[in-house]
Structure formats: C-alpha cells, structure tokens
Amino acid sequence: MMEKLASGRKEEPQGECDAVSQGEAKERPGEPCTSASAQVDACACGPGEPQEKEENPATDAGQNEAALQQEGQEYQESSGRQPYLPKPLFSSPSQANLFPRSCSEPCVTLPVGRTAKKTDWREETVKVWNRAFTTLPIAIDLPRLVRHTFVWDCRTTAARVSPPTTPPPTKTALAVKALLEALTLALDGSTTCAVLQENYASYVDLEAEMSEQKTNITALLMERLPGTRTCALLKAINQAIIAPANVELRLNICRGLMFKDAQSNVWEVFVYVQDDGIEVRHRRRQVSIDPRKEEDFFEFTWEARLRFATNVDVVTDVSMHVTDVRYGPKTSETRKEQLECFFGAYRSTDSAPPAGAAALIFEPAPAV
C-alpha cells in the first residue's frame with residue numbers, strides 16, 4: 001500500500017535526510033524535506049528507491065493521512081476542484097493508532113479528567129411518556145395488566161364517578177372495556193365514554209383472544225379517542241414506562257443484590273384521580289434469588305409513581321418508593337443492614353390511596 005502511494009507522488013529535489021534519535025527528520029537549508037515523524041522512513045529526498053523498513057503499526061495512521069493530503073493537493077491543482085478527504089475519527093494521534101480507519105462505528109472516548117454524565121432515570125421516564133402513542137406497547141400490556149389494575153376516584157367534587165353496580169367481568173375483552181369506560185368517564189366525561197361504548201364491539205372481537213387484537217385496540221383508541229386524557233394516561237400504563245425505574249433499582253440502588261419477581265400479584269397498577277391531578281403507581285414485589293438460603297432471604301415491595309397535571313398534558317413528578325421490606329426468621333443481621341442501607345432514602349409507608357373520600361371505580365375480577 002505504501003509503495004503504491006509513494007510511486008504516485010511527484011518527484012522532489014534530491015537531498016539527504018538526517019534522522020535524529022527520536023525518529024524526527026532534520027531539514028537542511030534549501031533542501032525540501034518533510035519533518036513529520038511518520039514520513040521519515042518513507043522520505044524520497046535521496047536518490048534511488050526508498051529504503052526498506054519494517055512495518056510499524058504506530059505510524060500507519062500518520063502515513064496514510066499524509067498520503068491522502070498530498071493526493072488531495074495534486075488533484076486540486078490539476079482540476080481546480082476541492083476534493084473530499086475523510087476526516088480522522090480521533091483528534092489524538094495515539095487514539096488514531098488504536099482503530100483502523102475502516103471502523104463503521106468509531107469508539108467514543110472522553111477527554112482525560114472527564115467522566116460520563118449519569119443518566120437520570122426520572123428524565124428517562126418522562127422521555128418514554130413523551131413518545132408517540134403507537135411506539136409504546138400499550139395494546140400488548142393492557143390485556144394482561146387489566147387483571148391487576150385499580151382505578152380510584154378521589155375527587156371531593158360532584159364530578160366524582162360512582163362505583164359500578166355490577167361485578168367486574170371475568171372475560172378479558174369485557175374487562176378491558178370496563179377499564180376504558182372507567183377512565184374515560186373519570187377523565188374525559190360521559191360523552192367520550194359513550195363514544196367508546198358505541199364503537200368498542202366494532203373494533204374488538206369479544207370472543208377472540210386479546211393477544212391477537214393489539215392492532216384492533218390501537219385502532220380503536222387512535223380513531224375514536226384521539227387526543228383524549230385517557231390515551232395520554234394509558235401511555236403511563238405499560239412495560240416501557242417503568243423500565244428506567246427498574247434499571248435504576250437493579251443497577252444503582254441495589255447494586256450487587258440478586259433478586260427476582262415474586263410469583264403472585266407481581267405487578268399492580270393503581271390510578272388515583274384527584275382534584276389537583278392524576279397519579280399512577282406501579283407496584284412490584286421482589287424476592288431474594290434463592291429463597292432456600294434462609295440466612296439471605298428477603299422480600300420487598302417498591303413503587304414507581306408518576307404524577308400528572310389535571311389535563312394529563314405534563315408530568316409533574318416522578319418518584320420511587322420502597323413501601324415494604326420483610327425478612328425470614330433466620331435472615332442474617334448483615335443482610336438486614338445491607339438492605340436498610342440500600343433502601344434508606346426510598347423507604348415510605350404511603351402505599352394506600354391518598355387521604356380523603358375515594359371511590360373504587362374499577363377493580364379486576366378475583367382470580368379464579
């Protein structure tokens with residue numbers, strides 16, 4: 001490669017190059033010679049062919065760069081056009097030698113003395129909620145979360161919705177309908193709720209499996225309830241919205257602590273409609289990775305909470321709370337101290353509905 005690049009150069013006046021001990025070239029007056037350390041061995045100042053040298057990977061980047069620059073100058077002089085020259089991936093020569101120029105994904109390194117900015121999980125949660133409705137797994141998660149979702153109307157005004165007089169439906173398609181009815185009635189009013197009731201059966205097959213009707217649910221919400229508070233709130237009831245909190249819990253708060261999801265009621269969702277806003281709480285239960293190790297046994301419950309303005313057009317607060325921690329009769333004191341240290345700043349006993357009168361306007365049917 002280097003011989004091909006060298007043969008394509010213009011001939012330069014003959015001269016001699018004195019290589020110093022550090023590998024730099026010394027220029028003599030009146031004798032053109034490059035002083036770049038990467039080109040000393042390939043200098044064509046002297047008569048004859050360039051001296052043979054051993055390949056040195058540390059100088060390849062500088063040699064290629066110099067050759068490209070010279071070819072570009074020759075092209076510009078002959079054609080009068082500015083050529084395209086690829087820019088180096090790295091500003092530091094030492095970094096340039098680490099990776100070939102053919103890398104499609106350059107490695108990003110931080111300057112000395114600087115560290116990467118820690119991502120705030122709360123900001124990431126808000127970014128998820130701000131995503132487009134169709135990019136979130138709402139229609140996928142709604143049929144499975146409907147069995148673990150509770151909606152409370154905590155308003156003290158006459159607008160508070162009365163609890164349903166019929167038992168919660170056991171069929172998933174009807175349970176999803178009942179949940180959407182409760183949300184639209186509390187958030188958007190009776191007119192929007194009537195639109196949902198009139199069109200639900202034309203989009204959702206009540207007899208088919210809900211897992212096969214995610215497209216139908218999305219079409220119903222987008223075509224019949226676009227721009228409603230209900231659709232905005234549903235963006236906070238899915239797997240994606242709690243992913244940043246889950247990552248924060250496992251990788252930062254409980255770093256090095258091994259646990260898994262509990263088996264029963266592992267994920268519950270609580271919606272509280274209040275006079276000054278709406279709050280969504282995701283409650284998860286975790287247990288130690290191996291419950292058979294009695295000295296390490298523990299279980300805890302945590303919540304990711306999102307609070308919205310009354311119009312559900314902005315997220316006003318995001319927080320995480322550990323509401324319950326339990327140990328076994330033989331759990332070691334070391335394990336207890338470790339968990340108390342992890343959860344100290346997140347402990348909260350506020351796991352009940354907000355204070356004041358509240359009406360449970362939707363609850364799932366009891367598990368069969």
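Residue numbering note: each chain is counted from 1, following its sequence as written. With pLDDT at 70 or above as the cut-off, local features in this predicted model cover only qualifying residues; side-chain atom pairs require 80 or more to be listed or tallied, and sums for whole chains, interfaces and linings still use all residues. Remark: hydrogens and water are excluded; side-chain values derive from all non-hydrogen atoms of the structure.

Observations regarding the nonpolar core
Formed by 70 residues in total, the largest nonpolar core has its most connected members in V271 and F343. Counting residues per element, this core draws most heavily on helix α6 (residues 172–187), at ten residues. Whether two residues are in contact is decided by their heavy atoms: any pair within 4.5 Å suffices. If near-sequence neighbours (up to four positions away) are discounted, F343 is found in contact with L249, I253, C254, F300, V322 and V325. For this analysis, a nonpolar core means a set of buried residues of the types Ala, Val, Leu, Ile, Met, Phe, Trp, Tyr and Cys, connected via side-chain atoms within 4.5 Å. Here's how the labels work: a residue is buried when its accessible area is under 20% of the maximum for its type, exposed when over 50%, partly exposed in between, all with a 1.4 Å probe on protein chains only. Put simply, DSSP marks the helices as runs of H or I at least four residues long and the strands as runs of E at least two long, and each gets a number from the N terminus on.

Observations regarding helix α5 (residues 138–145)
Most of α5 sits inside the fold, with six of its eight residues counted as buried. Residues I138, A139, D141, L142, P143 and L145 constitute the buried set of α5. Tucked into the core, α5 has its buried residues touching β3 (149–153), α6, α8 (214–224), α9 (229–234), α10 (239–253) and β5 (267–274).

Quick look at the confidence of the model for the protein
With 65% of its residues at a pLDDT of 70 or more, the protein shows a mean pLDDT of 77. As a per-residue quantity, pLDDT reports the predictor's confidence and falls between 0 and 100. In the model, residues 1–13 has pLDDT below 50 throughout and makes 14 contacts with residues more than four positions away in sequence or in other chains.

Re the environment of T172
Tracing the backbone shows T172 in helix α6. Assessed through its relative accessible area of 24%, T172 is described here as partly exposed. Spatially, the C-alpha atom of T172 lies 9.7 Å from that of A365, the residues being 193 residues apart in sequence. Those residues in contact with T172, other than ones at most four positions away along the chain, are P143, V146, R147 and M210.

Overview of the pattern of salt bridges
The term salt bridge refers to a pairing of a side-chain nitrogen on Lys or Arg with a carboxyl oxygen on Asp or Glu at a separation within 4 Å. Inspection of the entire model under this criterion finds 19 salt bridges. Its salt-bridge partner being R144, residue D141 comes within 3.1 Å of it at the nearest N-O pair. Of the two residues, D141 and R144 both sit in helix α5, three residues apart, roughly one turn of that helix. Residue classification places D141 among the buried positions, given a relative accessible area of 3%. D324 serves as the salt-bridge partner of R326, at 2.9 Å between the closest nitrogen and oxygen. Overlapping salt bridges bring together D276, E279, R281 and R307 as one network.

Side note on helix α7 (residues 190–203)
Multiply 1.5 Å by the residue count of a helix minus one, and that product is the helix's expected span. For α7, spanning 14 residues, the distance from its first C-alpha to its last is 20 Å, which sits close to the expected 20 Å at 1.5 Å a residue. In this scheme, the bend at a residue equals the angle between the axes fitted to the seven residues that finish there and the seven that begin there. Within α7, the axis deviates most sharply at Q197, by approximately 25°. Looking at the buried side of α7, the elements it contacts are α6 and α8.

Thoughts on the environment of P291
By secondary structure assignment, the location of P291 is in the loop between β6 (277–288) and β7 (298–308). Setting aside chain neighbours within four positions, we find P291 in contact with K260 and F297.

Digging into the pairing of β6
Of all twelve residues that make up β6, eleven are buried, and the element is covered over most of its length. Each pair of strands is called paired provided DSSP finds at least two bridges between the two strands. Bridging between strand β4 (residues 259–261) and β6 involves three bridges; their strand directions are antiparallel. Residue pairing in the sheet places K260 in a bridge with V287 of β6. By the bridge criterion, eight bridges tie β5 to β6 in an arrangement that is antiparallel. The residue bridging Y272 from the neighbouring strand is E279, located in β6. What sits between the antiparallel neighbours β5 and β6 is a turn of two residues. Summarising the sheet, β6 and β7 pair through ten bridges and their orientation is antiparallel. Note on β7: the bridge partner recorded for I278 is F308.

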